[in-house]
Each structure stands twice: as C-alpha cells, then as structure tokens.
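Results of the structural survey
Each chain, letter by letter, is given below.
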Amino acid sequence: MQVINRLQIKGMVCTRCIAILFEELSLIDLEITSIKLGEVFFKGQLPQNVDENRIQSVLQKYGFELLSDKKLLLVARMKDLIKAGIDLQSETRDNIKFSEYLSAALHKDYNYLSAVFSDCEGITLEKYIITQRILKVKDELINTDKSLTEISDELGYSSVSHLSRQLKAYTGFDTYHFKNLRKNNIISA
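What comes next is a walk through the structure. (Residues numbered from 1 in each chain as written. Predicted model: local features only at pLDDT ≥ 70, side-chain atom pairs only at ≥ 80, totals over all residues. Heavy atoms only, no water.)

1. Structural notes on the overall build of the protein chain
- Assigned secondary structure in the protein chain consists of nine helices and four strands.
- Mapped in sequence order, the helices and strands of the protein chain form the string β-α-β-β-α-β-α-α-α-α-α-α-α.
- By its C-alpha atoms, the protein chain is 60 × 45 × 35 Å across when sized along the principal axes.
- Residues classed as buried in the protein chain amount to 38% of the 189 residues present.
- The contacts in the protein chain between residues at least 6 apart in sequence include a share of 56% that link residues at least 24 apart.
- Surface exposure of the protein chain reaches about 11,200 Å², of which carbon and sulfur atoms provide 50%.
- Side chains of the protein chain carry 25 positive and 25 negative charges; the gap between the two charge centres is 3 Å. (Helix = DSSP H or I, 4+ residues; strand = E, 2+ residues; numbered from the N terminus. Buried < 20%, exposed > 50% of the residue type's maximum accessible area, 1.4 Å probe, protein only. Contact = heavy atoms within 4.5 Å. Areas by Shrake-Rupley, 256 points an atom, 1.4 Å probe, with all protein chains shown as cover. Lys, Arg positive; Asp, Glu negative; His and termini not counted. Charge placed at Lys NZ, Arg CZ, Asp CG, Glu CD.)

2. Some words on the packing of helix H3 (residues 70–92) against helix H6 (residues 125–143)
- The contact between H3 and H6 brings their axes to 10 Å, and the two run at 45 degrees. Viewed along their axes, H3 and H6 adopt a mutual orientation that is oblique. Crossing of H3 over H6 shows right-handed handedness. Residues Met 78, Lys 79, Ile 82, Lys 83, Ile 86, Asp 87, Gln 89 and Ser 90 of H3 pack against Leu 125, Tyr 128, Ile 129, Gln 132, Arg 133 and Lys 136 of H6.
- Among the residues forming the contact of H3 with H6, the class breakdown is six nonpolar, three polar and five charged. (Axes fitted to C-alpha atoms, helices over the stretch in contact; angles between N-to-C directions. Parallel < 35°, antiparallel > 145°, perpendicular 65-115°, else oblique. Left-handed = near helix turned anticlockwise from the far one by under 90°. Nonpolar A, V, L, I, M, F, W, Y, C, P; charged D, E, K, R; others polar.)

3. Observations concerning the packing of aromatic side chains
- Scanning the model with the defined rule gives three aromatic pairs in all.
- With centroids separated by 5.2 Å and ring planes inclined at 50 degrees, the aromatic side chains of Phe 117 and Tyr 128 adopt a geometry described as tilted. Taken together, the residues Phe 117 in helix H5 (residues 110–121) and Tyr 128 in helix H6 connect sequence positions eleven residues apart. Taken as a pair, Phe 117 and Tyr 128 share a single burial class, namely buried.
- Consider the rings of Phe 173 and Phe 178, whose centres lie 6.2 Å apart with planes at 85 degrees: the pair is edge-to-face.
- Its end group placed over the ring of Tyr 157, Arg 133 keeps NZ or CZ at 4.1 Å from the ring centre. (Phe/Tyr/Trp six-rings, centres within 6.5 Å; stacked < 30°, edge-to-face > 60°. Lys NZ or Arg CZ within 6 Å of the ring centre and 35° of its normal.)

4. What to know about the pairing of strand E2 (residues 32–36)
- Direction of pairing for E2 relative to strand E3 (residues 39–43): antiparallel, over a ladder of four bridges. From the neighbouring strand, Ser 34 faces E3, where its bridge partner is Phe 41. (Pairing = 2+ DSSP bridges.)

5. A closer look at the pattern of salt bridges
- Applying the stated criterion across every chain, the model contains nine salt bridges.
- Glu 140 is the salt-bridge partner of Lys 136, the closest N and O atoms lying 3.7 Å from each other. Taken together, the positions of Lys 136 and Glu 140, both in helix H6 and four residues apart, correspond to about one turn of that helix. Grouping residues by exposure puts Lys 136 and Glu 140 together as buried.
- Among the salt bridges present, the one from Lys 146 reaches Glu 154, with a minimum N-O distance of 2.8 Å.
- Through salt bridges with shared partners, one network takes in Asp 87, Arg 93, Lys 136, Glu 140, Lys 146 and Glu 154. (Salt bridge = Lys/Arg side-chain N within 4 Å of Asp/Glu carboxyl O.)

6. Concerning H6
- Its 19 residues give H6 an end-to-end C-alpha distance of 27 Å, which sits within 8% of 27 Å, the value for a rise of 1.5 Å per residue.
- Three or more residues of H6 are buried, namely Leu 125, Tyr 128, Ile 129, Ile 130, Gln 132, Arg 133, Ile 134, Lys 136, Val 137, Glu 140, Leu 141 and Ile 142. (Expected span 1.5 Å × (residues − 1).)

This is the structure:
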C-alpha cells in the first residue's frame, strides 16, 4: 500500500495558487495526489533528488512558504479551526467560546495557544478571531439579504449595536456601505 504524505504551505489563497503549485511541484518529480488550500498530498517519500530546501525554493518563487516549524503548523491549524468555528456558529447559531473550542480541539492551554499565535502572527489571537468574524459579517451583508439583526444572532454577538460598532471600527464603513455594494452588484449583474 502506497503511503500518502502531506506538505503544509502558507500563502495559498486561491485556485490559481493550487494550479501553480501542481505544475511546479510536478516538475520536480513530486507525485501529487491532491492539492487544496494550504496542503499538498503526495505519494510515498520525497524523491532522492528533492529535499525540503528544493521545495522551499520552488515555493518562495511564488510567495509561498513551507510550514515545517511546529509553531507555524499550530498557528495554521488554529486559523483553520477559527474559520470552521465561525461557519459552524453561523449555521447552528450556537455561541462558541473560542478559548474553549481551540483548547479542546488542539489539547493545549488557551494561554499557550494565544502566546504562540501572537509570536508568529504579530497580532493577538482575539483580534484575529474578531477580524475573521467581521469578514463573515461583510460577506453576509454583501452576498445575502440577511439583516444585521439576523447576522448578529447567527454569529453570537451580544447586540446589533455592538456588531455595528465593531464593523465600523474594523472596516471604516457602516452596514449601509456593504448593503449598497450588494444592491450595486444586483443592478449590474
């Protein structure tokens, strides 16, 4: 049975990134089975003529980075869990306490996770979570006809006014700006 291995890659943001990496890594004889954002799966071991330095040089050419540092891998996992948690919260309307959610999923103390995140990313874990929630709010305002009250309930905000203030503070724009973007997209479509 052939063993499937995985590389974790920082900086992949779109399907074009996937296509570029598939092409470039195939050129260095990596037998790729699949690629998704942040991960490349390949058969067997690295070929003899390929080491991590060679892979890293291919990745750096396009602004990507191989995640081999355990702390960077932990941060990447935290980011994935936060995005999944926000989506889960939106779907179920269950209020998720991210400190407990991350600690339970990663089997580590939240203070440790928070310190590692801040060291690696240069922002606090709390600010990252807020930023991701605001991105979800913006997406909902632009791409759905949900009211701010509905979005606030879905994402577990204490009040609509709190969400509104946070949206303005993080983006510089109010709710109406994002709703107008939706209207303009509908009209121009």
